[in-house]
Amino acid sequence: MLSPTLRSLPACPRSFRECGMMLLFALALCGTAVGQQIQVSGTVTSLQGHPLPGVSVRVQGTDIGTSTDAGGRYSLTAPPDGLLLLTGLGYRAVSLSIARRTTLDIALEPAIAVLDAVIITGYTEQRRADITGAVGSVDVPSASRQTTASVLKRLAGRVPGVTVDASGAPGSRSTVRIRGVSSFQNNDPLYIIDGTPVESSDLNFLNLQTMRGSQGAPQFTLDVKMGMSSPVRGYDDFLILDALEYHEILKRSYENAGLPVPQNIYGDPDNPTIPAYIRPNDGIHQTTDTLDRSTYSWPDNPITEGSPGTNWWDAVFSPALVTDADLAVSGGGTDHRYSASFNYLHHEGTGAYNRYQRGSVRINTEFDVGRLTIGENLSASLAQSLGGYQDAVGFVGLVRSMQPVLPVYDVRGNFAANNAAGLGGRRNPLKWQWADKDDAIQETRGFGNVFAGVNITHQLQFMSRLGFNLGRQSWTDWEDGDPESIKGIGFPSHVTEIYLTSQDWTWSNTLTYSHTMGERHNFQVLLGQEASKNRYRGLDAVIRNLVTTAIAARYIQDAIGDPETKRVFSSGSKRALLSYFGKIDYNFADRYHLNFTLRRDGSSAFAKKNRWGMFPAFSVGWRLSQEPFLQNNQFFTNIMLRFGWGLTGNQNIPTGRVVGQFGGSIATSFYDIDGSGDTPVVGYIQTALGNPDLKWEENESMNLGLDLEFLGGAASLVVDVYQRDTDNLLFDPLIPGTAGHAAPPIVNVGQMRNRGIDFSIGYGGTIGAGNWRLTFNGSHYKNEIRRIDGVQDY
């Protein structure tokens, strides 16, 4: 499951001694545990008696679970006095006490409202109806119908308060904002995928199919989707396509500036005409149709006719095909579950010569060995982006700036030049796309986790999970210098190669205690510890003035370019986090809910004196529909008021900024001491100013919410009003030029406030054995910088 989660971000474990103490303690408890497990089985049906396949059946507070097979049957091992939690799409969730029964047949009531969904919140799972914070959920089957490379794009418009933006280029990263912007640093949310945290905004490696296996014979599914992406409602809505109309705009701009109107392209400003040729051009006179075409020479003397009107948008953009294919198999027995899926995605870009393709495999298994459950969630992917201009905003701006008098091709079929006086000298955008068609970005990703859970008693469970995220990316870029369109002011041909590697790991250990007193008091206590570390390394190389344009020769070698222009750079960073946390949930008669959470995080981004931060949070809920004065109400089936307050921390800044940094190069700090010019002496300059007083950026949030279900559960309304105040903002203000070339220090400064409202309205029903639902959601917020502490005046 993919769920954006807000928390304090990772840092430096002191040693694994602290991490291991909790694990050893839990294992010791495991050895002294008492009690037995029993086999529980049954059939899940609708109220009409139809078997319901795919219903999740889990033991509350543990990782033990399965799903019903095609006949609605399930079977699992559970504590004799445990609690079963059943959830199925389109049906109300049910909590049922086992009470030492070995056979439990259950009929589920239909439910359309979202409040019965089960939400995974960090380290535990809860019914949506029991959550007192602001939580949004997405219907995965509905989202999976979209054919797009990014799972993040499938969230667009589905959750109030969440905005998703992307450039539109296939394989491009998505920008996700939850309730606006609250920091001067990285505002990307933290993602928890199968219990493993991911900080990157690039989730294109992830296949949306994350289903677990269930008891029964192997089930195979093949899902192939095809679609078209079209570049509609772009700059083509207001591009001027008629060359003479465009000239009128140019004429007025010169006249308003008090300058003479150029005549080399359109001739007489008062009687303009489409030129016979725009290239060659002397910059003064309009070129006539008596030009001798035999003098054509590319790229030194191209000849380009004038166009009455070129639609540059249509020349560069066109509808593109998207293909998404999934093959999956799942199954299991009484003590094991398995699932494997294979995905291939091919996404042609709407921009010319642009495409993205990805292959991925995902495997997860679980095995029950007595009280112990072990398993893994593993995925691997290989993705490739070919051609195209990745900065889509800049590229679209280039298309917009092209004058319609310029054709796409010259008289010999080569790309038309754009360096005649008055045309702006910009590159032909289609030529740019064509020249980059062999540029490649390749990414290999390994992601997942292994876990082990122990039911020490039916009330006490221990879970240990080790997650990892391994990535390798390579980028090859070639430029020919574009001599025909910016000759004389351009840049030399060159080859660039970039290699990036990253390794993230996270080890978490949690101990969960659940207890019920009578039928009214329900407690759950969670204690946990987590350590994580990230390593990054990059290598960047370039060589210029190439002697060949052959694809096979595009390497960083002295023989294919100017050795004096060869440059190689490398960089790297490390980051770590150590966290301790606790959580208490209390529920009285499903009427009053209380939640309290406390985290203590230590980050390697700060100096020792400010490394640790304490971050509490609490929330309360009142379900009015359970009060005696509303229990006989036939209109409202659920009314719940919620209030929450919390403090979170942000430490997402470049590593090593608590101290000054030094570096240098031949151009900036190497000195010719003896004057020979042959033996420069290595020197250093300060490249960044440090700040040992840096501390955690703190975000204080308050949320007031209302959940309603009415009309027999067919309709729902969820409203949340919030305020977020961010103090000690991490910020790198501008410094005067007299301070040198060093990057400014990062400081804690000022306060920012976000206020807003999110809402979701839904209504649905059933049609035969199926169901339907219509949902409308919206949000509005206001962002305000309230204080800047005198560091900046804007």
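Residues numbered from 1 in each chain as written. Predicted model: local features only at pLDDT ≥ 70, side-chain atom pairs only at ≥ 80, totals over all residues. Heavy atoms only, no water.

A. Highlighting the overall build of the protein chain. A count of helices and strands for the protein chain gives six helices and 35 strands. For the protein chain, buried positions account for 47% of its 794 residues. When the accessible surface of the protein chain is split by element, carbon and sulfur atoms take 58% of a total near 37,700 Å². (Helix = DSSP H or I, 4+ residues; strand = E, 2+ residues; numbered from the N terminus. Buried < 20%, exposed > 50% of the residue type's maximum accessible area, 1.4 Å probe, protein only. Areas by Shrake-Rupley, 256 points an atom, 1.4 Å probe, with all protein chains shown as cover.)

B. Structural view of helix H3 (residues 243-256). The terminal C-alpha atoms of H3, which comprises 14 residues, lie 20 Å apart, in line with the 20 Å expected from a rise of 1.5 Å per residue. Those residues of H3 not exposed but buried are Ala-243, Tyr-246, His-247 and Lys-251. For H3, the arc enclosing every buried residue in end-on projection is 145°, short of the 170-degree limit, so these residues lie on one face. Turned more than 90 degrees away from the buried face of H3 sit Glu-245, Arg-252 and Asn-256, all of them exposed. Capping the start of H3, Asp-242 holds a side-chain oxygen 3.0 Å from the backbone nitrogen of Leu-244, two or three residues further along. Count one or two residues on from H3 and you reach Gly-258, which has phi positive near 75°. (Expected span 1.5 Å × (residues − 1). Arc of directions from axis to C-beta. Polar contact = N/O pair within 3.5 Å; in protein donor to acceptor, adjacent residues only side chain to side chain.)

C. Structural view of the sheet that holds strand E8 (residues 106-108). Spatial ordering of the open sheet is given by E5-E2-E8, a layout of three strands whose pairing is mixed. Of all strands in the sheet, those with a lone pairing partner are strand E5 (73-78) and E8, marking the two edges. Each strand of the sheet is rotated relative to its neighbour by a mean of 35°, with strand direction disregarded. (Pairing = 2+ DSSP bridges. Axes fitted to C-alpha atoms, helices over the stretch in contact; angles between N-to-C directions.)

D. Here's a closer look at the side chain of Thr-287. Mapped onto the elements of the fold, Thr-287 is located in the loop between strand E16 (277-279) and strand E17 (304-305). When its relative accessible area of 14% is taken as the criterion, Thr-287 is described as buried. Among the polar contacts made by the side chain of Thr-287, one reaches the main-chain carbonyl oxygen of Pro-280 at a distance of 2.8 Å. Not counting chain neighbours up to four residues away, the residues in contact with Thr-287 comprise Asn-264, Ala-276, Tyr-277, Pro-280 and Asn-281. (Contact = heavy atoms within 4.5 Å.)

E. Focus on the pairing of strand E24 (residues 494-517). Where strand E23 (residues 460-479) meets E24, 20 bridges bridge the pair, whose relative direction is antiparallel. Following the sheet pairing, Glu-479 is matched in E24 by His-494. Bridge count for E24 against strand E25 (residues 521-544) is 24 bridges, and the pairing is antiparallel. Each residue of the ladder has a partner; that of Asp-504, found in E25, is Asn-534.

F. Molecular detail of the sheet that holds strand E7 (residues 91-97). Spatially, the four strands line up as an open sheet ordered E4-E3-E6-E7, and their pairing is antiparallel. Every interior strand has two partners, whereas the edge strands, strand E4 (65-67) and E7, have only one. On average, each strand axis in the sheet is tilted by 15° relative to the strand beside it, whichever way the strands run. One ladder, built from three bridges, connects strand E3 (residues 56-59) with E4; its direction is antiparallel. The residue bridging Ser-56 from the neighbouring strand is Ser-67, located in E4.

G. Focus on the nonpolar core. Core analysis: the biggest nonpolar cluster contains 24 residues, and Ile-265, Phe-317, Val-399 and Val-405 have the highest contact counts within it. Of all the secondary-structure elements, those providing two or more residues to this core are helix H4 (312-316), helix H5 (392-401) and helix H6 (429-435). The dominant element in this core, judged by the number of residues it contributes, is H5, at four residues. Every residue in contact with Phe-317, bar those within four places of it in the chain, is listed here: Pro-231, Thr-350, Gly-351, Phe-395, Val-396 and Val-399. Val-59, Tyr-74, Leu-84 and Ile-98 belong to the second largest nonpolar core, which has 16 residues in total. (Core = buried A, V, L, I, M, F, W, Y, C linked by side-chain atoms within 4.5 Å.)

H. Structural context of the pattern of salt bridges. Tallied over the entire structure, the rule returns 24 salt bridges. Arg-177 is paired through a salt bridge with Asp-188; the nearest N and O atoms lie 2.9 Å apart. Of this pair, Arg-177 sits in strand E12 (residues 174-178) while Asp-188 sits in the loop between E12 and strand E13 (190-193), and the two are eleven residues apart along the sequence. Between Asp-585 and Lys-583 there is a salt bridge, with its nearest N and O atoms 2.4 Å apart. Overall, the relative accessible area of 12% leaves Asp-585 in the buried class. In this structure, a network of salt bridges that share partners links the residues Asp-223, Lys-225 and Asp-324. (Salt bridge = Lys/Arg side-chain N within 4 Å of Asp/Glu carboxyl O.)

I. Summary view of a nonpolar patch on the surface. A contiguous nonpolar surface patch, about 780 Å² in accessible area, is contributed by Tyr-513, Val-525, Leu-527, Ile-584, Leu-594, Phe-596, Leu-598, Met-614, Phe-618 and Val-620. Where the nonpolar patch is concerned, the elements lending two or more residues are E25, strand E27 (592-603) and strand E28 (612-623). Tracing the chain through its elements places Leu-527 in strand E25. Note on Leu-527: relative accessible area 46%, which makes it partly exposed. (Patch = residues over 30% accessible without salt bridge, like charges linked within 9 Å, V, L, I, M, F, W, Y side chains within 5 Å.)

J. Fine view of the packing of aromatic side chains. The tally for this structure, following the rule as stated, stands at 16 aromatic pairs. Ring centres of Phe-759 and Phe-776 lie 5.7 Å apart, and the angle between their planes is 45°; on these two criteria the pair is classed as tilted. Of the two residues, Phe-759 sits in strand E34 (residues 747-767) while Phe-776 sits in strand E35 (residues 770-787), which places them 17 residues apart along the sequence. The class of Phe-759 is partly exposed, set by a relative accessible area of 26%. By way of ring pairs, the aromatic residues Tyr-409, Phe-415 and Trp-434 are connected into one cluster. Against the face of Trp-432 rests Arg-427, its NZ or CZ located 4.5 Å from the ring centre. (Phe/Tyr/Trp six-rings, centres within 6.5 Å; stacked < 30°, edge-to-face > 60°. Lys NZ or Arg CZ within 6 Å of the ring centre and 35° of its normal.)

K. Inspection of unusual backbone geometry at higher detail. A cis amide bond links Arg-279 with the next residue in sequence, Pro-280, at an omega value of 5°. Here Pro-280 is to be found in the loop between E16 and E17. Residue Arg-179 is not a glycine yet carries a positive backbone phi of 55°. Mapping Arg-179 onto the fold places it in the loop between E12 and E13. Overall, the relative accessible area of 14% leaves Arg-179 in the buried class.

Read these as spatial facts, not as claims about activity.
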